[in-house]
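Here are the chains, one letter per residue:
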Amino acid sequence: MGKLDGRVAIVTGAARGQGEQEARLFAAEGARVVLADVLDGPGEALAKELGEERAAYVHLDVTREEEWAAAVAFAKERFGKVDGLVNNAGILRFNELLATPLEEFRAIVSVNQTGCFLGIRAVAPEIAAAGGGTIVNTASYTGLTGMAGVGAYAASKHAVVGLTRVAALELAPKGIRVNAVCPGAIDTAMSNPEGVDPAATGELYRRLVPLGRIGRPEEVAALALFLTSDDSSYVTGQPFVVDGGWLAGASLFRAAPDES
Ligand SMILES: NC(=O)c1ccc[n+]([C@@H]2O[C@H](COP(=O)([O-])OP(=O)(O)OC[C@H]3O[C@@H](n4cnc5c(N)ncnc54)[C@H](O)[C@@H]3O)[C@@H](O)[C@H]2O)c1
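Computed from a predicted structure; not experimentally measured.

1. Considering the site of the ligand
Thinking step 1. What surrounds the ligand is a group of 28 residues, the closest being Arg16, Asp37, Asn88, Tyr153 and Thr188.
Thinking step 2. A distance of 2.6 Å separates an oxygen atom of the ligand from a polar atom in the side chain of aspartate 37.
Thinking step 3. The separation between an oxygen atom of the ligand and a polar main-chain atom of asparagine 88 is 2.7 Å.
Thinking step 4. The fraction of the free accessible surface of the ligand (820 Å²) that becomes covered by protein chains is 93%.
Thinking step 5. In this structure, the ligand is accommodated by the largest pocket.
Thinking step 6. Every element with two or more residues in the shell around the ligand is listed here: helix H1 (17–28) and helix H5 (151–171).

Below is the structure:
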């Protein structure tokens, strides 16, 4: 028996990275999953791999209200209902605040924050109509603390934590639980931008993160599964950090596990 037997979930940004692993894990746990993304080729290929009984791909730019309506209609047509949502789509740009162009700030807020809001607004009524369910929003380590060089991103992720809390309060009477995952550094395309040496990144996280390594997208998917399944039946309105201990505080000792 799977932890998500009988459930139908939309996962945004599901073509790769954390969203891909969430879609794979949810399908393996019995859910039928609508994979939504703007990367149509990889999204369609993943849906095909998971099989049409378990998965279907829909093009969805999370910043576009009308595309949300179409995605929800598609999900209901394919699988009869929607009772789960993972707002995972996101973008990151590096820039100091004083050098950040307004358009860049707006673009980040549009995907990370407005996309999450539009998702909640489009899908929550369907979850309520299905008798209740779950929403998992993807915030970040930087939704709970600052980090120089990612001001627009951190602002948008703090907003996701706020949205999560308010949505949990407002949607609890409808039987909808709303929580957030707050990943630290996770090994995906986002954290491996072109031109950055992977060996240098690996060494950075070996020193910076108490558990001594970058996280795997599967480890975020496991938390999203917990928050989507009945294992978390009394949990709502909370941000959950999955970061190898990074946010716990600074250490004067060597962060990486001792190799001696
Ligand atoms: N990788 C990390 O270190 C890290 C850390 C903390 C939080 N996060 C968050 O986790 C989430 C997943 O990121 P990831 O690490 O898998 O990165 P990723 O870049 O591999 O995946 C992001 C996915 O979102 C999709 N996407 C981007 N804009 C979209 C839009 N407008 N509409 C629909 N889909 C869109 C992309 O096509 C891609 O498939 C993001 O919200 C990100 O901010 C990532």
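2. Topic: the packing of aromatic side chains
Thinking step 1. Tallied over the full model, the rule gives two aromatic pairs.
Thinking step 2. Geometrically, the ring pair formed by tyrosine 141 and tryptophan 246 is stacked, given 4.3 Å between the ring centres and 25 degrees between the ring planes. One end of the pair, tyrosine 141, is in the loop between strand S5 (133–138) and H5; the other, tryptophan 246, is in the segment after strand S7 (239–242), with 105 residues separating them in the sequence. For the pair shown, tyrosine 141 and tryptophan 246 are each scored as buried.
Thinking step 3. Pairing tyrosine 205 with tryptophan 246 gives two aromatic rings, centres 6.0 Å apart and planes at 80 degrees, and the pair type is edge-to-face. One end of the pair, tyrosine 205, is in helix H6 (residues 198–208); the other, tryptophan 246, is in the segment after S7, with 41 residues separating them in the sequence.
Thinking step 4. The exposure class assigned to tyrosine 205 is buried, which follows from its relative accessible area of 12%.
Thinking step 5. A network of ring pairs unites the aromatic residues Tyr141, Tyr205 and Trp246 as a single cluster.

3. Things to note about the layout of surface pockets
Thinking step 1. Approximately 1300 Å³ is the volume attributed to the largest pocket.
Thinking step 2. Elements with a contribution of two residues or more to the lining of the largest pocket: H1, H5 and H6.
Thinking step 3. Residue contributions to the lining of the largest pocket peak at five residues, all from H6.
Thinking step 4. A class-by-class count of the residues in the lining of the largest pocket yields 27 nonpolar, 14 polar and six charged.

4. Overview of the packing of helix H3 (residues 65–79) against helix H4 (residues 102–129)
Thinking step 1. Between H3 and H4, the least distance of the axes is 10 Å, while the angle of their chain directions is 35 degrees. Our pair here, H3 against H4, has a crossing hand that is right-handed. Note on element contacts: H4 touches H3 through Gly115, Leu118, Gly119, Arg121, Ala122, Val123 and Glu126, opposite Glu65, Trp68, Val72 and Lys76.
Thinking step 2. Split into classes, the residues belonging to the contact of H3 with H4 amount to five nonpolar, two polar and four charged.

5. Quick look at the pattern of salt bridges
Thinking step 1. Taken as a whole and judged by the stated rule, the model has 14 salt bridges.
Thinking step 2. For aspartate 83, the salt bridge goes to lysine 81, with nearest N and O atoms at 3.1 Å.
Thinking step 3. With a relative accessible area of 4%, aspartate 83 lands in the buried category.
Thinking step 4. The exposure class assigned to lysine 81 is partly exposed, which follows from its relative accessible area of 26%.

Calculation rules
- Residues numbered from 1 in each chain as written.
- Predicted model: local features only at pLDDT ≥ 70, side-chain atom pairs only at ≥ 80, totals over all residues.
- Heavy atoms only, no water.
- Near = heavy atom within 4 Å.
- Polar contact = N/O pair within 3.5 Å; in protein donor to acceptor, adjacent residues only side chain to side chain.
- Areas by Shrake-Rupley, 256 points an atom, 1.4 Å probe, with all protein chains shown as cover.
- 1 Å grid on protein atoms, 1.4 Å probe; cavity = no way out; pocket = protein on both sides within 12 Å on 5 of 7 lines; lining within 4 Å.
- Sits in = over half its atoms within 2 Å of the grid points.
- Helix = DSSP H or I, 4+ residues; strand = E, 2+ residues; numbered from the N terminus.
- Phe/Tyr/Trp six-rings, centres within 6.5 Å; stacked < 30°, edge-to-face > 60°.
- Buried < 20%, exposed > 50% of the residue type's maximum accessible area, 1.4 Å probe, protein only.
- Points joined across faces, edges and corners; volume = space filled by probe spheres on them.
- Nonpolar A, V, L, I, M, F, W, Y, C, P; charged D, E, K, R; others polar.
- Axes fitted to C-alpha atoms, helices over the stretch in contact; angles between N-to-C directions.
- Left-handed = near helix turned anticlockwise from the far one by under 90°.
- Contact = heavy atoms within 4.5 Å.
- Salt bridge = Lys/Arg side-chain N within 4 Å of Asp/Glu carboxyl O.

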